[in-house]
Amino acid sequence: MINRTLIRFLAAVIVAFCSLPHGMSLAQPLTDDMTSLPRYTDQPSVQKDWLINSVSQKATVYQTIDNHLALSNGLITRTFSITPGGATIGLDNLTTGEALLRSISPEAVLWINDHEIKVGGLIGQPVQNYLDPTWIPQLEADPLSLKLVSWDSQPLENRFAWTPRSEWLSKPPEEAKGTMLRFSYQADEATIQQHLVRLTSDDQRQKLLDDPFTTLSQAWKLVSANDDRSASFINEGKPGEMMAPQNHPVFAEQPLPTDTRVVIARINAGTDQSTEYGPGITLVYAEDNLKLFLSPGNRSFGLLHNGSTQYFRGMDPSVSHFLRLQLEEGEVRCAVSANGKEYQTLAVVNTTAIAEKIRIGKTDPSGDATSGPKTEHIGRSRVENLVLLGDPVAPSRDMDFLRDLTVHVHYELYNGIPLLSKWITVEYDGNDEVIINNIRTEHLAVTEAESAVEHKQRWHLPPIFAQSDFAFGSMSPNASENAGVEWREDSTYTTQVNYLLKTPTVLVCEPKHGVGQEVSRGMPFESMRLWEMLYDSSDRERRGLAQRKMYRTIAPWTQENPIIMHVRSADDASVKKAIDQSADVGFEMVIMTFGSGFNIEDTTEANIQRMKALRDYAHNKGIALGGYSLLASRSIDADNDVVMPPGMKPTFGRSPCLLSEWGDRYFKTLYAFYEKTGMDILEHDGSYPGDVCASHNHPGHRGLEDSQWKQFVQIRDFYRWCRSRGIYLNVPDWYFLQGSTKIAMGYRETNWSLPREYQEIIERQNIYDGTWEKTPSMGWMFVPLVEYHGGGPAATIEPLHDHLPHYEQRLANLFGAGVQACYRGPQLYDTPETKVLVKKWVDFYKRHRRILDSDIIHLRRPDGRDYDAILHVDPMGEEKGLLMVYNPLDTPIERTLTVDLYYTGLRDKATVSTNDGGSKVMSLDGTSLQLPITIPANGQVWYVLK
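To start, this report covers the structure provided alongside it. Given the structure is predicted, the values throughout are model-derived calculations rather than measurements. (Residues numbered from 1 in each chain as written. Predicted model: local features only at pLDDT ≥ 70, side-chain atom pairs only at ≥ 80, totals over all residues. Heavy atoms only, no water.)

### Focus: the overall build of the protein chain
For clarity, the cut-off: Only DSSP runs of H or I covering at least 4 residues are called helices, and only runs of E covering at least 2 are called strands; the numbering of each starts at the N terminus. Only protein chains enter the area calculation, which uses a 1.4 Å probe; residues under 20% of their type maximum are buried, those over 50% are exposed, and those in between are partly exposed. Note that accessible areas follow from Shrake-Rupley with a 1.4 Å probe, and for residues the cover is restricted to the protein chains shown. By the counting scheme adopted, Arg and Lys are positive, Glu and Asp are negative, and His together with the chain ends is not counted. To locate a charge, take NZ of a lysine, CZ of an arginine, CG of an aspartate or CD of a glutamate.
Broken down by element type, the protein chain carries 12 helices and 54 strands. By the burial criterion, 58% of the 946 residues in the protein chain qualify as buried. About 38500 Å² of surface is accessible on the protein chain, with carbon and sulfur atoms providing 49% of the total. Of the side chains in the protein chain, 93 bear a positive and 120 a negative charge, and the two mean positions are spaced by 3 Å.

Dropping the structure here:
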């Protein structure tokens, strides 16, 4: 005889097993992996200033007292829930004590085969203004999200190979160290079934109307009872806000589209205490009205049909509610919801009639506009949104690909800096392939930086610096924002102060044009990386120092700072002369510049052998050699140029597609040229700026959707290859995180056609402004030894020996800032005196190279009216500071400067030398130095601080 109890037990086991995510074992719960972790008890925090002291505390994965995971380095902590689902539940700045996370979001969102797939996350948070840790146990895993199946941690790995050029580094590069934490997510059967249900849900229907009532559409007709009581549907200029007596109708109406299948309204009862006059939706039929409404007076939902009203308990007057009418054949399904996702059906009303109009707002007990008995109470309620939906769009119901999908969410936390990185990898083990249409690697809902009731043109943003390596089209850090990083509004954050819900409170990383990437077995996809650095101050200088520290940590190649000459002719004699002169005065690199005749696309054996011979000549002199190539800011032909969608133009007005037949040949040519010649430098002008391409005839991409991502990968992989070979990259675009080393420090070509005396001040202004976000080595300047874009003899330095005072000022400006320029011309010197002058400043730079390559503190911006000054700081070096002070005036300046030496690490006393002369010990007031100075007319003075 069969044991029924045993059968029930086995059935329960089978159901439990089937509900497990694919590949997850029954044997070991996720929390068991945490038993060996150190306990995160008192938020271990760094006590010293991380910008001037080395930090001994390392990035570590901890177990919290609530059995969560905490990734912390003593400066910041990101905390994760493991059960009931994987989610970020905390982001804390330990220096300031700020808890930045206000709401839980999915760990990532992917669009695969045109389906939205969320990864992790928890739902059920009661408000989104803040996140109370005591709420976490009551939250639930999102039924539509992939589920966390495992996690692991390991030390950081290099993102790609880099061969350092130590001869251009003033100190060993700051190797990034820390900890990587990886979470793995998969779908269970319950999730797959939820997605099948979703495919016929509201978000898959045709949207006929979506009215947030920010303005009042002309389609609406306003209606109110015709008596002596005032009522308004637009209160204090806000459409949809009703101010009316308790028993008084006021509503807006318009014809209902005949193809309407679903009506959804989000309504807040506010202070209204009506019962049968409560705000809601009314459908007007030829012989009857149907009304679903809020009845705050008796804390109920009301439903009017066939002249009678039913009430359903459970309405909370303090929150907004969603009212939903689904118009099916022969019936109307009436439902309510607190969150717009899970609806409770109140009743199904049978009717064969067709609704003619829709009314939104306060109607009378029959759904019309008759007022009731007068009351003293006047209430304010609001229609927050109305959506009309049609039939389902009927997308593919095939969700089987979820069974073979694994998504890994990676976090890296670095030692000694409040910085973490995040990226996603996707693996697919099915027999076919799937298309990742797009991917959102971060959706971080944080506390607002300010609260404003009305609309603002410019918002203060939360204290997070976000930077992605999917960045192009800019010479400043906002390249990331151009491509896929932005601060967004949060329409679900309905309890924010801003009435129109416009406060920027969500940090999103998501390519704006999609990725369209194919993924198949053995061919995983890796997303762009996002770095998030938490600011600990609103001070501009301190924030800039933090950014510069970030680049030194994650892009150490940017600290290579060779001294560069741009030779304007690429014939053998001119190049060899430039090499000889560079070696004589201590320059380190020669670039065959634009317009020189250098042609990297000349693939003939004669050109390759000539370039290799010049490389050998340069190397024998200790000089690096390379040249210039133009990429995107030119046209090839109709078959190879980008095909832009209607209304769009290429960034530079014209551009080849990097995935056309020409683009494929071009990059093969670059690889071959550097492999065969062994050259050291590529100056890559007009680098890929992010243009999309709608062509279906280019061999490297399918169409518009995948064109941007695959073009980016083409140039990204080439730049990474260059770094693995020690090839230096000058690129006028923000490719630092993919291997580039310099962009323009401040670039307006026509400025170098101005008279020489103007260039001196503007040059120092460009350096002053350009080093807030960049280290000195990350930007180049320009010195027109010969005419450049016009200006004639007044703008140029040749003949060099005739303009020695100006030439020296340019050398002092640049080397004094640690900023290298492109000295463009046929020669660096023309007389022995000129040679001595150039070598003097090169020797000065090399004598103080470490401190001059270090961060700049901005003291006084150049304005041509008084002195200007910058202070280099290196608290870990022997020379802890170098103060450069310039005098643009025709008379000497004598002054006592007050200089704060905080970021040098010096306190109470400092040893100070002037112009590399004798030194003396000076007392400090804490970190403040009182320094008497004398600056000669049209000159400069420098002070070394130890």
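### As for the sheet that holds strand β23 (residues 308–313)
Inclusion rule: Think of it this way: DSSP has to see at least two bridges between two strands before they count as a pair. Helix axes are fitted to C-alpha atoms over the stretch in contact, other axes to C-alpha atoms as well, and angles between N-to-C directions run from 0 to 180 degrees.
As summarised here, the arrangement of the 7 strands in space is β15-β18-β27-β20-β21-β22-β23, forming an open sheet in which the pairing is antiparallel. The open sheet has two edge strands with one neighbour each: β15 (221–224) and β23. For this sheet, the mean angle separating the axes of adjacent strands, direction not counted, is 20°. Strand direction decides the pairing type here: strand β21 (residues 289–295) and strand β22 (residues 300–305), joined by 5 bridges, are antiparallel. The residue bridging Leu-292 from the neighbouring strand is Leu-303, located in β22.

### Considerations on helix α8 (residues 707–724)
Side chains that are three or four residues apart share a direction in an α-helix, a result of its 3.6 residues per turn. The condition is simple: Under the convention used throughout, the expected extent of a helix is 1.5 Å for every residue step, that is, one less than its residue count.
When the terminal C-alpha atoms of α8 are compared, their 26 Å separation across 18 residues agrees well with the 26 Å that a helix rising 1.5 Å per residue should span. The element α8 is largely enclosed, with a buried count of 15 among its 18 residues. Downstream of α8 by one or two residues, Gly-726 has phi in the positive range, about 75°.

### Structural notes on the side chain of Ser-184
Heads up, the rule is: Two residues form a contact once any of their heavy atoms are found within 4.5 Å.
The topology assignment puts Ser-184 in strand β13 (residues 178–186). A relative accessible area of 5% means that Ser-184 is categorised as buried. In contact with Ser-184, not counting residues within four places along its chain, are Lys-147, Leu-148, Val-149, Ser-150, Val-407 and His-408.

### Regarding the pairing of strand β32 (residues 442–446)
In terms of burial, β32 is largely enclosed, as 4 of its 5 residues are buried. Two strands pair when backbone bridges link them, and strand β7 (residues 101–103) and β32 are joined in this way by 2 bridges, in the antiparallel orientation. Bridge assignment links Ser-103 to a residue of β32, and that residue is Ala-445. Looking at chain direction, β32 and strand β35 (residues 504–509) are connected through 4 bridges and run antiparallel. By the bridge assignment, His-443 is partnered in β35 with Val-508.

### Remarks on the side chain of His-321
Quick note on the threshold: Between N or O atoms, a polar contact is any pair within 3.5 Å; within protein, one atom must be a potential hydrogen donor and the other a potential acceptor, and residues adjacent in sequence are included only when both atoms are from side chains.
Along the chain, His-321 falls in strand β24 (residues 320–328). Overall, the relative accessible area of 5% leaves His-321 in the buried class. A polar atom in the side chain of His-321 sits 3.0 Å from the backbone oxygen of Asp-316. If we ignore the near neighbours within four places in the chain, the residues touching His-321 are Ala-265, Arg-266, Ile-267, Leu-294, Phe-301, Met-315, Asp-316 and Ser-337.

### Quick look at the sheet that holds strand β2 (residues 60–64)
Taken in spatial order, the 6 strands line up as β1-β2-β3-β4-β5-β6 in an open sheet, and their pairing is mixed. Looking at strand neighbours, the two that pair on one side only are β1 (39–40) and β6 (98–99), the edges of this open sheet. In terms of strand pairing, β1 meets β2 through 2 bridges, oriented parallel. The partner of Arg-39 across the bridge, within β2, is Gln-63.

### Description of the packing of aromatic side chains
Heads up, the condition is: Any Phe, Tyr or Trp ring, taking Trp's six-membered ring, that has another such ring centre within 6.5 Å forms a pair; planes under 30 degrees apart are called stacked, those over 60 apart edge-to-face, and the others tilted. A ring is considered to have a charge above it if a Lys NZ or an Arg CZ atom is located within 6 Å of its centre and within 35 degrees of its normal.
Summed over all chains, the structure comprises 43 aromatic pairs. Ring centres of Phe-782 and Tyr-788 lie 4.3 Å apart, and the angle between their planes is 40°; on these two criteria the pair is classed as tilted. Assessed through its relative accessible area of 3%, Phe-782 is described here as buried. The class of Tyr-788 is buried, set by a relative accessible area of 5%. Judged by centre distance (5.2 Å) and plane angle (75°), the ring pair of Trp-841 and Phe-844 falls under edge-to-face. Here Phe-844 and Trp-841 lie together in helix α11 (residues 832–847), a separation of 3 residues that amounts to about one turn. When sorted by exposure, Trp-841 lands in the same class as Phe-844, which is buried. Among the aromatic residues, those joined into a cluster by ring pairs are Trp-662, Tyr-666, Phe-667, Tyr-671, Phe-718, Tyr-719, Trp-721 and Tyr-735. In this arrangement the basic side chain of Lys-291 is found over the ring face of Phe-293, its NZ or CZ atom lying 4.4 Å from the centre. Across the ring face of Tyr-617, the terminal group of Lys-576 is positioned such that the distance to the ring centre comes to 5.2 Å.

### Notes on helix α9 (residues 756–770)
Over its 15 residues, α9 extends 21 Å from the first C-alpha to the last, a length consistent with the 21 Å expected when each residue adds 1.5 Å. Burial analysis of α9 places 11 of its 15 residues in the buried class, which makes it a mostly covered element. Among all positions of α9, only Arg-756, Gln-759, Glu-760, Ile-761, Glu-763, Arg-764, Gln-765, Asn-766, Ile-767, Tyr-768 and Gly-770 are buried. The inward-facing, buried residues of α9 abut β45 (779–784), α10 (804–817), β47 (855–860), β48 (868–873) and β49 (881–886).

### Observations concerning unusual backbone geometry
The step from Thr-83 to Pro-84 runs through a cis peptide bond, and the omega angle for that step is 10°. Along the chain, Pro-84 falls in the loop between β4 (76–81) and β5 (87–93). The omega angle of the peptide bond from Glu-798 to Pro-799 is -10°, so this bond is cis rather than trans. Looking at the element boundaries, Pro-799 is found in the loop between β45 and α10. Even without glycine at this site, Phe-213 takes up a positive phi of about 55°. By secondary structure assignment, the location of Phe-213 is in the loop between β14 (205–211) and β15.

### Focus on the environment of Thr-896
Within the secondary structure, Thr-896 is located in strand β50 (residues 893–900). Residue Thr-896 is classed as partly exposed on the basis of its relative accessible area of 49%. Sequence separation between Thr-896 and Thr-934 is 38 residues; the distance between their C-alpha atoms is 8.8 Å. Setting aside residues no more than four positions away along its own chain, Thr-896 makes contact with Gln-930, Leu-931 and Pro-932.

### Structural notes on the pattern of salt bridges
This is how it is decided: For this analysis, a salt bridge means a side-chain nitrogen from Lys or Arg found within 4 Å of a carboxyl oxygen belonging to Asp or Glu.
Overall, the coordinates contain 64 salt bridges when judged by the stated rule. Of the charged contacts, one joins Asp-717 and Arg-716 as a salt bridge, the two residues approaching to 3.0 Å between their closest N and O atoms. Asp-717 sits in the partly exposed class, given a relative accessible area of 33%. Where salt bridges share partners, they join Glu-174, Glu-541, Arg-548, Lys-549, Arg-552 and Asp-855 into one cluster.

### Describing the pairing of strand β38 (residues 530–534)
In terms of burial, β38 is largely enclosed, as 5 of its 5 residues are buried. Taking every second residue as pointing to the same face, both faces of β38 are buried, with Leu-530, Glu-532 and Leu-534 on one and Trp-531 and Met-533 on the other. Alignment of strand β30 (residues 419–428) against β38, held across 4 bridges, turns out to be antiparallel. For Leu-419, the partnering residue across the bridge sits in β38 and is Met-533. Pairing geometry for strand β33 (residues 464–468) and β38, over 5 bridges, is antiparallel. In the strand pairing of β38, Gln-467 is matched with Trp-531.

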